Amino acid sequence: MSAVETFLDSNELVLNMGPQHPSTHGVLRIILKLDGEKVNGTECVIGYLHRGVEKIAEARTYQMFAPYVDRMDYISAVSNGLGYCLAVEKLGGIEAPPRAQAVRVILTELNRIASHLFWLGTHALDIGAITPLFYTLREREEVLKIFENYCGARLTTHAFRIGGLQYELYEGFEEQVRKFCDDLPGKIDEYEELLTGNRIWVERLTGVGILNAEDCKRYGVSGPMIRAAGVPADLRKLQPYCGYEQYDFDVPTRVNGDCFDRYVVRMAEMRQSVRIIQQAAANVPTGPVMAKVPKVFKPAIGEAYVSIEAPKGELGYFIVSDGTLNPYRLRVRPPSLVNLQSLDAMCKGTLVADVVAIIGTIDIVLGEVDR
Amino acid sequence: MKKLFRRFFLVDFLEGLWVTFRNQHPKYIYTEQYPAERPQIAERYRGAPRLNINPENNETLCISCNLCAIACPENLIVVGWDRNPVTKRKDLTTFIYDTSRCMFCGLCEDACPVDALELTQDFEMASYTREGQIWDRRMLEEGPYPVKYKS
């Protein structure tokens, strides 16, 4: 903090932002230390949505816990379920059949699109552009309809089971997915027309909340945030899981690492997701959808860590088994929580109004931050 | 010059309005007029639970195996049975399903070996009391019945 120069400088205003503030995307409380409009420091107070998911896991069997992970990052419940199922499968030495893997890829990529669409709408709403919200939620509705038709729930899907899938694909799945994939790039063009070409939008976001590659690595930031800083870190490429190595896609990166770059990276990621879905949907292998999993599932004593590329970043599950029905310990590495740690570094020296934009581009879901 | 032209005739503004106007086409409208119009529910929708009965003899399909109660993560299903001395089978006496704690994960449905317990497409499960959320066997078989108030 700079030395006190005038009478006004000495007054540091402490302001609580949240937990009811609509731009904090849930119940995040940020204590802002303000010098006029300038932010001298921030402090996050989290835990308003703490449900003790990791503790709940210790009293549930492996199959029973699967619906709970959907409640962490409820915007991308399918990705959460995939990470958990992969971790338990690694622990138990099970591999999902190829058909199940292809369907898993389709659904998680659809979920990534849904998550990014929802992010785009709410973030634009935070900045002051209200129209994209209506359009993005309209497109997200298509994805939710596919989820509803496939597994019977729209938000907390519980789509995957340990060892594969519970449900076979429904009739018309492929057409619905293909139609969505054909329509979406045009819709993204429309959003870009509304936002990327919009002078207000560009000037509002460019140069705000810069986090360079060095800092990103120091904070352990992952996902679109680190890719916006120029590091092509994508776990789908670095350590392919679930058959991602068969699909041809690019990892979009930018150089500056500011809010605008994060926006551009997410828009490009949606297009890449469409590419992956089209490739995966073109040849879904036939065969069973469920591997042989014993009804009483008791993995051997040991531990497993699996991390996947969730829409928000690296989502990791660490499970310790003591040979009983329940996990001895389950630890989640949520991308939102880790990405949120970098908020202070990004906010120092910016204006209050930019804090909202920065929180928006971190793309946090408080269900996952607090767990 | 071109910039001035665009600014004078509000071209940017009109382009923005054109995007908005384009999206008014009826095929882009996704709003559901819910109470007036029933929404389309997917076939696999996981909604209100139902305990199926055999339509031929009105007997329950449930064999009181208790697997749904074991599979439930929230332990909200309670199955009660009597051992029938004649047939040596379990006869279902009570079946309590607490929908207030249910998260509709569908694990009970998957566990049922005879497809007796099913999550249906019915989604209107509101009630005025907490007790109304606890469904007994009759409610599960016939659907929720409305509370009768004294006139």
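Scope of this entry: the structure provided in the associated data block. (Residues numbered from 1 in each chain as written. Chains lettered and ligands numbered in written order. Predicted model: local features only at pLDDT ≥ 70, side-chain atom pairs only at ≥ 80, totals over all residues. Heavy atoms only, no water.)

Considering the overall build of chain B
Worth spelling out the cut-off: Helical segments are the DSSP runs of H or I of at least four residues, strand segments are the runs of E of at least two, and each set is numbered from the N terminus. Between the two quantities, the radius of gyration covers C-alpha atoms and the globule rule is 2.2 Å times the number of residues to the power 0.38. Accessibility here uses a 1.4 Å probe with only protein chains present; expressed as a share of the type maximum, an area under 20% marks a residue as buried, one over 50% as exposed, and anything in between as partly exposed. Working rule for contacts: check all heavy atoms of both residues, and any pair within 4.5 Å makes them a contact. Only the protein chains shown count as cover for residues, and the accessible areas themselves come from Shrake-Rupley with a 1.4 Å probe. We count Lys and Arg on the positive side and Asp and Glu on the negative side, and we leave His and both chain ends out. We put the charge of a Lys on NZ, of an Arg on CZ, of an Asp on CG and of a Glu on CD.
Along chain B, the regular secondary structure elements total five helices and five strands. For chain B, the sequential pattern of α-helices and β-strands runs α-α-β-α-β-β-α-β-β-α. The C-alpha radius of gyration computed for chain B amounts to 26 Å, which surpasses the reference 15 Å derived for 151 residues by more than 25%, pointing to a less compact arrangement than a globule. For the C-alpha atoms alone, the extent of chain B along its principal axes is close to 100 × 45 × 30 Å. Taking all 151 residues of chain B together, 30% fall into the buried category. Of the contacts made within chain B by residues no fewer than 6 positions apart, 59% connect residues no fewer than 24 positions apart. With the model as given, the accessible surface of chain B reaches about 11,000 Å², and the carbon-plus-sulfur share is 56%. Both charge centroids of chain B, one from 20 positive and one from 21 negative side chains, sit 8 Å from each other.

A word on the sheet that holds strand β6 (residues 302–310) of chain A
Residue and element names in this part refer to chain A. Which entries qualify depends on this criterion: At least two bridges found by DSSP between two strands is the condition for calling them paired. For helices, the fitted line uses only the C-alpha atoms of the stretch in contact; every axis is such a line through C-alpha atoms, and the angle between N-to-C directions lies from 0 to 180 degrees.
Spatially, β6-β7-β8 is the arrangement adopted by the three strands of the open sheet, whose pairing is antiparallel. In the strand order of this sheet, the two ends are held by β6 and β8 (327–333), each with one partner. Geometrically, the sheet is characterised by an average inter-axis angle of 15° between neighbouring strands, direction not taken into account. Both strand β7 (residues 313–321) and β8 contribute to a ladder of six bridges, which runs antiparallel.

Overview of the pattern of salt bridges
Counted only if it meets this: Throughout this description, the term salt bridge denotes a Lys or Arg side-chain nitrogen within 4 Å of a carboxyl oxygen of Asp or Glu.
Here the structure, examined in full by the defined rule, presents 36 salt bridges over all chains. One salt bridge in this structure joins A:E58 and A:K55, with 3.0 Å as the shortest N-O distance. Of this pair, A:E58 and A:K55 both sit in helix α1 (residues 53–58), three residues apart, roughly one helical turn. Assessed through its relative accessible area of 24%, A:E58 is described here as partly exposed. By relative accessible area, A:K55 is classed as exposed at 58%. One salt bridge in this structure joins B:R137 and B:E141, with 3.1 Å as the shortest N-O distance. Within this pair, B:R137 and its partner B:E141 are both found in helix α5 (residues 137–142), separated by four residues, close to a single helical turn. B:R137 gets classed as partly exposed once you look at its relative accessible area, which sits at 23%.

Some words on the side chain of A:E309
Residue and element names in this part refer to chain A. Formally: Polar contact is defined as a pair of N or O atoms within 3.5 Å, subject to the rule that within protein one atom must be able to donate a hydrogen and the other to accept it, and that residues adjacent in sequence are counted only when both atoms are side-chain atoms.
By the secondary structure assignment, E309 is in strand β6. For E309, a relative accessible area of 3% corresponds to the buried category. Polar contacts involving the side chain of E309 include one to the side chain of R227, which spans 3.0 Å. Excluding its chain neighbours within four sequence positions, the residues that come into contact with E309 are R112, G223, R227, A233, D234, L235, R236 and Y241.

Description of the nonpolar core
Stated precisely, the cut-off is as follows: The criterion is simple. A nonpolar core is a set of buried Ala, Val, Leu, Ile, Met, Phe, Trp, Tyr and Cys residues joined through side-chain atoms within 4.5 Å.
Formed by 115 residues in total, the largest nonpolar core has its most connected members in A:Y84, A:L107, A:L110, A:Y150, A:V177 and A:Y317. When residues of this core are assigned to their parent elements, the largest contribution, 14 residues, is made by helix α4 (residues 98–127) of chain A. Each residue touching A:L110, except ones within four places of it in the same chain, is listed here: A:V143, A:I146, A:F147, A:V177, A:F180 and A:I277. Among the nonpolar cores identified, the runner-up in size contains 23 residues, and B:C62, B:C112, B:W135 and B:M139 belong to it.

Looking at the interface of chain B and chain A
Here is the rule we go by: In short, buried area is how much 1.4 Å probe accessible area vanishes from two parts on joining, totalled over both.
On the chain A side, the residues contacting the 22 residues of chain B number 30 residues. Area buried by chain B at its contact with chain A is led by B:Y30, B:R44 and B:R46, which between them contribute 32% of it. Our count for the chain B to chain A interface comes out at three salt bridges. The closest approach of N and O atoms between B:D110 and A:R161, which form a salt bridge, is 2.7 Å. Here chain B and chain A share 17 residue pairs in polar contact (both at pLDDT 80 or more) between them.

Considering the sheet that holds strand β2 (residues 29–35) of chain A
Residues and elements named next belong to chain A. Strand order in the open sheet made by the three strands is β1-β2-β3, with antiparallel pairing throughout. Of all the strands in the sheet, the pair left with one neighbour each is β1 (13–17) and β3 (38–45). Ignoring which end each strand starts from, the neighbouring axes of this sheet average 25° apart. The pairing of β1 with β2 spans five bridges and is antiparallel. Bridge assignment links V14 to a residue of β2, and that residue is K33. Contacts from helix α14 (residues 352–362) reach β1, β2 and β3, with the element oriented near 150° to β2.

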